[in-house]
Protein chains: 2
Amino acid sequence: MADYRAPLADLDFALRTSGGLDGLHALPAFAEVDADLVDQIVEEAGRMAAEVWAPLNRRADQEGVHLKNGVVRTAEGFKDAYRAYVDSGFNTLPFEAQWGGQGLPWTLALALMEVWHSANTSLALNPLLTIGSVELLQAHGTAKQQATYLPKLISGAWTGTMNLSEPQAGSDLGQIACKAERAHDGSYRITGQKIYITWGEHDLTENIVHMVLARLPDAPAGTKGLSLFVVPKFLPDADGNPGQRNDLRCTGVEHKMGIHACPTCTMSYGDDGGATGWLVGEENGGLSAMFTMMNNARLAVGIQGIGLAERAYQDARAYAFERTQSRDIHGGRQSVPIVRHPNIRRKLLTMRALTEGSRALALYAGNALDRAKQADDADTRSRLQTRVDILVPVVKAWCTDRGVEVTSTAVQVLGGMGFIEEGGVAQHYRDARIAPIYEGTNGIQALDLMGRKVLRDQGNGMQALLADLRADLGGLDRSDDADLTAIRRSVARGLDQLEAATATLISLSQDDIAKSAAVADPFLELTGTVVAGALLAQQAGVAAQQMAAADGPSEQYRAKLAVARFYADNLLPRADAAAAQVRQGAASTLALDERLL
Amino acid sequence: MADYRAPLADLDFALRTSGGLDGLHALPAFAEVDADLVDQIVEEAGRMAAEVWAPLNRRADQEGVHLKNGVVRTAEGFKDAYRAYVDSGFNTLPFEAQWGGQGLPWTLALALMEVWHSANTSLALNPLLTIGSVELLQAHGTAKQQATYLPKLISGAWTGTMNLSEPQAGSDLGQIACKAERAHDGSYRITGQKIYITWGEHDLTENIVHMVLARLPDAPAGTKGLSLFVVPKFLPDADGNPGQRNDLRCTGVEHKMGIHACPTCTMSYGDDGGATGWLVGEENGGLSAMFTMMNNARLAVGIQGIGLAERAYQDARAYAFERTQSRDIHGGRQSVPIVRHPNIRRKLLTMRALTEGSRALALYAGNALDRAKQADDADTRSRLQTRVDILVPVVKAWCTDRGVEVTSTAVQVLGGMGFIEEGGVAQHYRDARIAPIYEGTNGIQALDLMGRKVLRDQGNGMQALLADLRADLGGLDRSDDADLTAIRRSVARGLDQLEAATATLISLSQDDIAKSAAVADPFLELTGTVVAGALLAQQAGVAAQQMAAADGPSEQYRAKLAVARFYADNLLPRADAAAAQVRQGAASTLALDERLL
C-alpha cells in the first residue's frame, strides 16, 4: 500500500477549470479567495490528511469501534486526528463568519473533503454529518438555537448527526414512527428507535447534537407529519456548556462490510421517559427542512466515492510500478513492472479518467452551488439552483458507483495482494460499497433526477445544462489538434445522446410513469458519463491552450489531454449502452409477471 | 437472508438446451445418462447443498480458519458436510470408472459445481482443487502414481492442491524458484515456499496430495525449466495408506476479504532437508502438464461466479418481496414490496439475465468439452477442442466479473441491510471478489483469448463459433413472435460486432501486438456478452416452441422468453461499448508516457 499523497496538481487544475474558482473570486463574497489562498489551504489539508489521517486508516479498520454500556470508544489516534483537523480550522471553511465560519466557497470545501475521504473515510464521515446539522440549523433554527449550537458545530467542538432511518423506514421516510410530545416548557419529549446513525455516539467531542425526525401525536400520516428536532446528548447549560445528560443512548453498533472505524449506531430515545428536544422549523415541516441539507450531504457522499477512487488509484499505480511479472509483450529477457503491460495500463487509465471525471463533475456542481448562494437576483439564483438540483443526484450516484468500480479495479491490479487485507486496497473496496447506499440509495437518486429534476420542468433545466456544455465545447472546434478534435466529436455525440434520452424519458413518462422509472438508472448513468466527459473535454481544451502558451507545467497538461482522450475513446462509449437502454429498455423491464421474477 | 434453493428448473432447462444433454446421451459413453438420471442427480445435489452445505455458510465466514503449530482447524460442521458430499459419491461424478469414477459428463459436473458454490463457496473450493490434481495424474501420472492416488482423490478420501504461486511468481510462473533435487531412489527432494495455496492444509481428510511446480538444479530458466511433482502430506505406505509424515507444513493462512472459511495457506517445503516428491510427467515438462488441468479448473472458477450470482439473486429477490417501502409509482395509500418499484425490478432482471446467461455459457463450454473428449476422429476432436479453448477464458473471466456485478447489485437491493454483515449478501459480495483474480487473473484470460485463441489461428476458431451461433439463431427467423424477432435482431447485431472486432484485433496485432493487448479486456467482455446473449436467444427459441406445443411448464418458458428479451434490450447494448473500445481504444491506451501515468 502506497503512502497517500493529495493530488494537489489535479485538484488545483480542476478547481480552476470545472470548479470555476476565478469566476467565484470575482464575486464580492469571495474577493479574498485568490489562487494563493486556495493553494495554501489545499496544500495544508493535503499535508494533514497524508501525515495525520492516512496513517491511521488501516489500523482503525482492524480495530473498529468498541461499544460498552452505551459508550463508544473509537480507534486509537482518532481523537488526536480529529483535534488536529479542528484546531487548524478546517471544519469552519464554508460556513458564515457570523458563527465563526470562514465563508469560503463550497467548491473549495468539497475539494478538501475529497482529501479527508482519501486519507480516512471512516473519520471523514464525522464532519460530513456535522455539516448537515449546521445547514439545518442555519436555515431553520431559531436565533437561540443558532446561537447555542452553530458556534460549537462549526468550530467542531461538538459534532452533529442525522437521525432519519428506522427499521421500517429506510428510503421511505413516511413510515417514521419516532414520537415527539409537546412539553409545558416549549420543549418536546422524543421517544423511539433510530438505526444506521453514522457517528451517533463517540468519544471525540464533549457533546453530540442529534437532528431527529419524529412525529407529533396529532400529525398527519406519511411524510407530511414529520417534524425535526434538535436533541443534544448533553443539554446545554446556561453558559452553553454541556450540562444534564439527555435521555438517549447508543444501544448497538452495526457489524459492517466496511467503514469499520465509523460507529454506525442504533440510538434509543426516551427509555427513561423521553429525550428533551427542541423543534427546528415548523411542526410537520421536518421533511422539507431536511431537504435543505440533502443537497450538500449528497454532494459530500459523492465526494466519498471520489476520495476512495483517488486513494485506490494511487495504490494501484504504485503497485504497478513496483511489481515485476512477465516480460514486455514485445519481448526481452527480464520481467518488467506490470505497468508495462498494455492491459494494466488500460486499468490505470480507466481508474484515473473516472476519478478525474468524477472530480470535475463534483466541483462543477460546487461552483453552481456557490453561485446560486451568492446570486443577487432571484432569476439567476433560480437558474443556478436548478443546475445544482440536476447535478446533485448525478454526483451522488455516479461518483459513488465509480468509487466502487475504481476500487474494484485496484483490487484487480494488485491481484492476490488485492484480495488479502494486508494489501490495503481491499479496505478501500469494502469502504466504498456503502456510498451508493446511504444518503438516499443510488436508485432513489435516479428517481429524483428523473422526477423532480427532469420531468417536473419538462427537461428545461437539462436543456440549459446541455447548452452550457456545448458552448464550453465550442472552444475545441478551433483547434487542429487531433486529440481535441476526437474528444470534441465524441463528447458532442454524447451530448446529443443525452438530449435524445431526455426527450425519450419525458415521452415515456407521458405514456406511463412506470416506464420512465424503469429506465431511470441508465438515464442517470448516461448523464454522469456524458457530463463528466464534457467537463474533461473542457479541461483538455484549457490544457492545450496553456501548453500552446507554454504556461505552467506542460507534463501535467499533456497528461490531462491524454486522459481526456482516453475517456473519449474508451469510457464515453458507455453512453451508447446507457442510451440504448433508455430508448428500448423500459418495456422488457416491466413485462414479466411479478410472481415469475 | 433467504434459504438457498437450487434452481432446478433452469439448471434442467439449461442442461437440455445450451448444455446439449440429449446430444451427449446419444454418445456411447453416455448411453445411460438419460434425463431421469440427470434430474435425480441434480435434485439430490440440490437437496444436500441446501440442507447440509448452505446452513453452514455464514457461521463459517465468521469463524474462519484456525492455524496452530501447522495444524489448520476448519469451521464447525465442515467435516460432516464434506463427508456427506463424499459419501453420496458427488466427488466421483465425471471421472473414469477405472479409478472409481462414474464417467458422467463434465457438463453435468459443472452444473452441480454451481450448486455447491451457491451453498458454500469456501467449502466448494476444496473439491475444485482436487479435480485439478486428478486431471494431472490421469494425464501425466505413472501407472503406480495413478493406482496410488487416483482412487483416493476421486472418492474424496484424500484431497488435492495446486502449488504454483510464490511471492515473486504470481501470473509469471517463469519466476518459480522452488527447488527439486534428484534422490537415489528415484524420488525428489522438494524445498521452498509456496503462497496462496487454497486448502493447502486442513482437517477434513487423512491425507492431502500437493501438486507442486519446482525447478531441477540443471533446469533452464523460465517456464521451460519447471517440473511437476506429487508431494503428499503423508507418504503412502505399502498398503497405500497414509504413512510417514512428509517434510512440508503450513506456516501461515492469509487474512482475506472473503472466502474466510477456506484456508489459503503459505506452504513451506523441506525445512528439515527436503520434502519427498515424485515427478509427474517429464522433467522440465511441468508447465505443459499444468495446462492440461487449467481448462477444467478455469471453467470451475467461472462456475464459482455463477454460483454466487445465483445465491445473491435469490437473496435479493426474497428481500424485494418481503421489504415494503414507499407507495406504488402509480399511487395508492399503502407501502408496497419494493419489487413493485420499476428500478428494483430492473436490478432483479439484470441479475437474473446475467446469471442465466453465465450458466448457459458455462454449460455450452461443458458440452464442447465432453464432445471433444468423446470424439472418435482427430478432426472432430481438434475442432471441438478449439471451441473449448476459446470458451474457457471467456467463462472464467466473464462469469466471474458477472459474479462480482450481480453480488454487488444484490447488496444494492438490500440497501443498508446489504452493507451490514447480518444481511448475508455482504458475504457473497466479498466471496465473489476472489474469482476474477485466481486461476489466472481475468487480464491473463483476456490475453489468452487474444493470443492463443484468436490470433494464433487468425480467428478461424472464432469464425466457426460465430457460424454455429448464427445457425442456432436461424430458428428464430421463422417466428412471428415480437419478442423473438427483437431478440434475433439484437443478437445478430452483436454477432456482427464480434466478427468485426475479431478482424480488428487481428489487424491491430499485425500493426503492433501491444495495440491488440491494449483492447484484450473489452474484446473478452464483448465475446462474453454476445455469446451469452446468443445462447439465451436460442433458449428463448426452445421455450417458445415448447410453449406453442404446450409441452411442460409454460410459466417457466414465459419467464425464459422475458429474460432473454430483457437481455437483448438492456444487456446486449453493452456490446456497443465494448466494440467501440476495441475499434478505437488502443491508441489512447498506449499514448501517455509511462512516467506520467
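Named according to an unreviewed UniProt entry, chain A is Acyl-CoA dehydrogenase originating from Rhodovibrio sodomensis. Its UniProt record gives chain A a comment under Cofactor (unreviewed entry), which states: "FAD". What the UniProt record of chain A gives under Sequence similarities (unreviewed entry) is the line "Belongs to the acyl-CoA dehydrogenase family."

A. Molecular detail of the overall build of chain A. Helix and strand counts for chain A stand at 21 helices and 14 strands. Along the first, second and third principal axes, the C-alpha atoms of chain A reach 80 × 60 × 55 Å. Taken across its 597 residues, chain A has 64% of its residues classed as buried. Long-range contacts, defined here as pairs at least 24 residues apart, represent 75% of the contacts in chain A between residues at least 6 apart. Looking at chain A as shown, the accessible area adds up to about 20100 Å², and 48% of this sits on carbon and sulfur atoms. In chain A, the 57 positive side-chain charges and the 71 negative ones have mean positions that sit 5 Å from each other.

B. Spotlight on the relation of the copies chain A and chain B. The operation relating chain A to chain B is a screw motion whose rotation component is 180°, with 0.0 Å of axial translation and a residual RMSD of 0.0 Å. Both chain copies can therefore be described as sitting about a two-fold axis. When you check the interface residues of chain A against chain B, 100% turn up at the interface there too, and the contact is symmetric in its surfaces.

C. Representation of the packing of helix α6 (residues 106–119) of chain A against helix α9 (residues 286–322) of chain A in the model. All names here are of chain A. Interaxial distance between α6 and α9 falls to 7 Å at its minimum, and their mutual angle equals 45°. In terms of axis orientation, α6 runs oblique to α9. In the packing of α6 onto α9, the handedness of the crossing is right-handed. Facing α6, whose interface residues are W106, L110, M113, E114, H117, S118 and A119, α9 presents N296, L299, A300, I303, Q304, I306, G307, L308, E310 and R311. Residues belonging to the contact of α6 with α9 are distributed by class as follows: nine nonpolar, five polar and three charged.

D. Representation of the UniProt feature "domain: Acyl-CoA oxidase/dehydrogenase middle" (unreviewed entry) in chain A. According to UniProt, the positions carrying the feature "domain: Acyl-CoA oxidase/dehydrogenase middle" (unreviewed entry) are residues 162–269 of chain A. Between the C-alpha atoms that bound residues 162–269 of chain A there is a distance of 14 Å. The span itself is 0% helix and 47% strand.

E. Seen up close, the domain arrangement of chain A. Domain boundaries assigned for chain A yield domain 1 (8–155), domain 2 (159–286) and domain 3 (454–586). Computed from C-alpha coordinates alone, the two centres of domain 2 of chain A and domain 3 of chain A are separated by 42 Å.

F. Structural detail: the pairing of strand β7 (residues 226–232) of chain B. Residues and elements named next belong to chain B. Within β7, seven of the seven residues are buried, which leaves it mostly tucked inside the rest of the structure. Across the two faces of β7 the burial is the same, with L226, L228, V230 and P232 and S227, F229 and V231 all buried. Bridge count for strand β6 (residues 208–215) against β7 is seven bridges, and the pairing is antiparallel. Bridge pairing in β7 places R215 opposite L226.

G. Spotlight on helix α14 (residues 442–455) of chain A. Residues and elements named next belong to chain A. Taking 1.5 Å per residue as the helical rise, α14 with its 14 residues ought to reach 20 Å, and the 18 Å between its terminal C-alpha atoms agrees with that figure. Maximal helix bending in α14 amounts to about 30°, located at D448. Here α14 lies mainly inside the structure; ten of its 14 residues are buried. When α14 is considered as a whole, its buried residues turn out to be N442, G443, Q445, A446, D448, L449, M450, K453, V454 and L455.

H. Here's a closer look at the packing of helix α19 (residues 554–571) of chain A against helix α20 (residues 574–584) of chain B. The contact between α19 of chain A and α20 of chain B brings their axes to 8 Å, and the two run at 130°. On the basis of their axis angle, the class for α19 of chain A and α20 of chain B is oblique. Where α19 of chain A abuts α20 of chain B, its residues A568, D569 and N570 of chain A lie against A580, Q581 and Q584 of chain B. For the contact of α19 of chain A with α20 of chain B, the per-class residue count stands at two nonpolar, three polar and one charged.

I. Representation of the pattern of salt bridges in the model. Residue and element names in this part refer to chain A. Here the structure, examined in full by the defined rule, presents 70 salt bridges over all chains. Here E356 ties to R352 by a salt bridge, and the two come within 3.0 Å at their closest N and O atoms. In this pair, E356 and R352 are both assigned in helix α10 (residues 342–374), four residues apart and thus about one turn of the helix distant. With a shortest N-O distance of 3.7 Å, E525 and R402 are connected by a salt bridge. Taken together, the residues E525 in helix α18 (residues 520–548) and R402 in helix α11 (residues 378–414) connect sequence positions 123 residues apart.

J. The environment of A183 of chain A, seen in detail. Residues and elements named next belong to chain A. Position of A183 relative to the elements: it lies in the loop between β4 (179–182) and β5 (188–198). When the C-alpha atoms of A183 and R16 are compared, they prove to be 52 Å apart, with 167 residues separating the residues in sequence. Residues contacting A183, with those up to four places away along its chain left out, are Y188 and R189.

K. Examining the interface of chain A and chain B more closely. Across the contact, 92 residues belong to chain A and 92 residues belong to chain B. A combined buried area of about 7900 Å² lies between chain A and chain B, and 54% of that area is made up of carbon and sulfur atoms. On the chain A side of the interface with chain B, the three residues burying the most area are M257, F419 and L597 of chain A, jointly 11% of the side's total. Between chain A and chain B we count eight salt bridges in total. Note that R558 of chain B and D593 of chain A form a salt bridge whose closest N and O atoms lie 2.8 Å from each other. Our enumeration of links across chain A and chain B arrives at 61 residue pairs in polar contact (both at pLDDT 80 or more). A per-element tally of the side of chain A that touches chain B places α19 of chain A first, with nine residues.

L. Helix α3 (residues 35–53) of chain A, seen in detail. Residues and elements named next belong to chain A. The first and last C-alpha atoms of α3 sit 25 Å apart over 19 residues, in line with the 27 Å expected at 1.5 Å per residue. Along α3, the positions that sit buried rather than exposed are V38, I41, V42, A45, G46, M48, A49 and W53. All buried residues of α3 project into a common sector of 165° when viewed along the axis, lining one side. Counted as exposed and oriented over 90 degrees from the buried face of α3: D36, Q40 and E51. Lining the buried residues of α3 we find α1 (8–16), α2 (21–25), α4 (57–63), α5 (78–87), α6 and α7 (121–140).

M. Spotlight on the packing of aromatic side chains. All names here are of chain B. Per the counting criterion, the structure on display carries 23 aromatic pairs over all chains. A centroid spacing of 5.7 Å and a plane angle of 50° characterise the contact between F13 and Y557, whose relative ring orientation is tilted. You can see F13 sitting in helix α1 (residues 8–16) and its partner Y557 sitting in helix α19 (residues 554–571), a full 544 residues away along the chain. The two residues F13 and Y557 agree in class, both being buried.

N. Structural context of a negative patch on the surface. Residue and element names in this part refer to chain A. Negative charge collects at one region of the surface, where E32, D34, D36, D39 and E43 lie side by side. Summarising the element assignment, D34 is placed in the loop between α2 and α3. With relative accessibility at 33%, the residue D34 sits in the partly exposed group.

O. Structural view of the side chain of N120 of chain B. Inspection of the secondary structure assignment puts N120 of chain B in the loop between α6 (106–119) and α7 (121–140). The residues contacting N120 of chain B, other than those within four sequence positions of it, are W53, L56, N57 and F78 of chain B.

P. View of unusual backbone geometry. All names here are of chain A. Residue W199 is not a glycine yet carries a positive backbone phi of 55°. Take W199: it is sitting in the loop between β5 and β6 (208–215). Looking at W199, the relative accessible area reads 0%, which means it is buried. With a phi close to 65°, S326 is a non-glycine residue in the positive phi region. Along the chain, S326 turns up in strand β13 (residues 324–328).

Parameters and conventions
Residues numbered from 1 in each chain as written. Chains lettered and ligands numbered in written order. Predicted model: local features only at pLDDT ≥ 70, side-chain atom pairs only at ≥ 80, totals over all residues. Heavy atoms only, no water. UniProt positions renumbered as here; feature names shortened; annotations may be inferred. Helix = DSSP H or I, 4+ residues; strand = E, 2+ residues; numbered from the N terminus. Buried < 20%, exposed > 50% of the residue type's maximum accessible area, 1.4 Å probe, protein only. Contact = heavy atoms within 4.5 Å. Areas by Shrake-Rupley, 256 points an atom, 1.4 Å probe, with all protein chains shown as cover. Lys, Arg positive; Asp, Glu negative; His and termini not counted. Charge placed at Lys NZ, Arg CZ, Asp CG, Glu CD. Least-squares fit on C-alpha atoms with pLDDT ≥ 70 in both. Axes fitted to C-alpha atoms, helices over the stretch in contact; angles between N-to-C directions. Parallel < 35°, antiparallel > 145°, perpendicular 65-115°, else oblique. Left-handed = near helix turned anticlockwise from the far one by under 90°. Nonpolar A, V, L, I, M, F, W, Y, C, P; charged D, E, K, R; others polar. Domains from an automatic or database assignment. Pairing = 2+ DSSP bridges. Expected span 1.5 Å × (residues − 1). Bend = angle between axes of the 7 residues up to and from the residue. Salt bridge = Lys/Arg side-chain N within 4 Å of Asp/Glu carboxyl O. Buried area = accessible area lost by both parts, 1.4 Å probe. Polar contact = N/O pair within 3.5 Å; in protein donor to acceptor, adjacent residues only side chain to side chain. Arc of directions from axis to C-beta. Phe/Tyr/Trp six-rings, centres within 6.5 Å; stacked < 30°, edge-to-face > 60°. Patch = residues over 30% accessible without salt bridge, like charges linked within 9 Å, V, L, I, M, F, W, Y side chains within 5 Å.

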